[in-house]
Amino acid sequence: MKILVLNGPNLNLLGTREPEQYGHATLADVQHLCELTAKALGHEVECFQSNHEGELIDKIHAYGRLHRDGQALGAVFNPGAFTHTSVALHDAIKGTGLPVVEIHISNVHAREAFRHHSYVSPVAKGVVVGLGIQGYALAIQGLAGSAL
Ligand code: CA2
C-alpha cells in the first residue's frame with residue numbers, strides 16, 4: 001500500500017538553518033528514513049513537499065481517492081506553519097476522509113503560544129510531536145498499525 005509523506009512550507013530548508021530547533025538532518029534524510037520504515041512494514045512511500053497550500057490540498061485530494069480505492073493507507077503530514085493557520089487543510093482532510101498522522105519535529109507546545117493551536121489535529125488520527133525526524137518513522141508505524 002502507498003503512504004504519502006507530506007511536508008509543508010519551509011521544510012525544504014531542513015538541515016540548513018536552526019539546527020537547535022530542527023536538528024541537522026535534511027529533507028532527503030527524512031525521505032530515506034521514511035522509505036526504509038515503510039519498506040520494513042511492506043509498504044511504499046511517496047514524499048512530497050510544497051510551500052504552497054493549494055498544492056498540499058491537491059495532494060490530499062489525490063490520496064483521498066487512492067485511499068477510497070484501497071491503494072493508499074493514508075498520509076504522514078507535517079503541515080509546517082500552515083498547522084496554525086489553515087482551515088483549508090482541515091477541510092481537505094475532513095472532506096476526503098484520508099487518514100492522516102500529523103507530525104512536528106519540534107515540541108510545538110514548548111514554543112511560542114501561536115504554535116500551540118493546530119487546525120489539523122482535530123481531523124488527524126494521531127499526532128507525533130517533539131521527537132525530531134524519528135517522529136516520521138513513528139507516524140508511519142502508527143498509520144500502518146492502525147490499518148490492521
Ligand atoms: O516542528 C515542526 O515540525 C514544525 O511543523 C516546523 C514548522 C513550524 O512552523 C511549526 O510550528 C512546527 C517550520 C518549518 C520550517 O523549517 C525550517 C527548517 C530549517 C530552517 C528553517 C525552517
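Further up the page is the structure itself.
Residues numbered from 1 in each chain as written. Predicted model: local features only at pLDDT ≥ 70, side-chain atom pairs only at ≥ 80, totals over all residues. Heavy atoms only, no water.

**A closer look at the packing of aromatic side chains**
Move 1: For the coordinates displayed, the defined rule picks out 0 aromatic pairs.
Move 2: Its guanidinium or amino end placed over the ring of F48, K59 lies 4.9 Å from that ring's centre, counting from NZ or CZ. (Phe/Tyr/Trp six-rings, centres within 6.5 Å; stacked < 30°, edge-to-face > 60°. Lys NZ or Arg CZ within 6 Å of the ring centre and 35° of its normal.)

**Comments concerning the pairing of strand 1 (residues 2-7)**
Move 1: For strand 1, the tally of buried residues reaches 5 of 6 residues, placing the bulk of the element in the interior.
Move 2: For strand 1 and strand 2 (residues 44-49), the ladder comprises 6 bridges, and the chain directions are parallel. Looking across to strand 2, one finds that N7 is bridged to Q49.
Move 3: Relative to strand 3 (residues 72-78), strand 1 runs parallel, the two sharing 6 bridges. Bridging across to strand 3, N7 finds its partner in N78. (Buried < 20%, exposed > 50% of the residue type's maximum accessible area, 1.4 Å probe, protein only. Helix = DSSP H or I, 4+ residues; strand = E, 2+ residues; numbered from the N terminus. Pairing = 2+ DSSP bridges.)

**Looking at helix 5 (residues 134-146)**
Move 1: Its 13 residues place the ends of helix 5 18 Å apart at the C-alpha level, agreeing with the 18 Å of an ideal helix rising 1.5 Å per residue.
Move 2: Here helix 5 has its buried residues at G135, Y136, A137, A139, I140, L143 and A144.
Move 3: Contacts made by the buried residues of helix 5 are with strand 1, helix 2 (27-40), strand 2, strand 3, strand 4 (100-104) and strand 5 (126-129). (Expected span 1.5 Å × (residues − 1). Contact = heavy atoms within 4.5 Å.)

**Quick look at the site of the ligand**
Move 1: Around the ligand sit 17 residues, and of these N78, H84, I105, S106 and R115 come closest.
Move 2: Side-chain polar atom of N78 to an oxygen atom of the ligand: 2.8 Å apart, as the coordinates give it.
Move 3: Separating an oxygen atom of the ligand from a backbone N or O atom of I105 is a distance of 2.8 Å.
Move 4: Coverage of the ligand by the protein amounts to 96% of the 520 Å² it exposes when considered alone.
Move 5: Split by residue class, the shell around the ligand holds 8 nonpolar, 6 polar and 3 charged. (Near = heavy atom within 4 Å. Polar contact = N/O pair within 3.5 Å; in protein donor to acceptor, adjacent residues only side chain to side chain. Areas by Shrake-Rupley, 256 points an atom, 1.4 Å probe, with all protein chains shown as cover. Nonpolar A, V, L, I, M, F, W, Y, C, P; charged D, E, K, R; others polar.)

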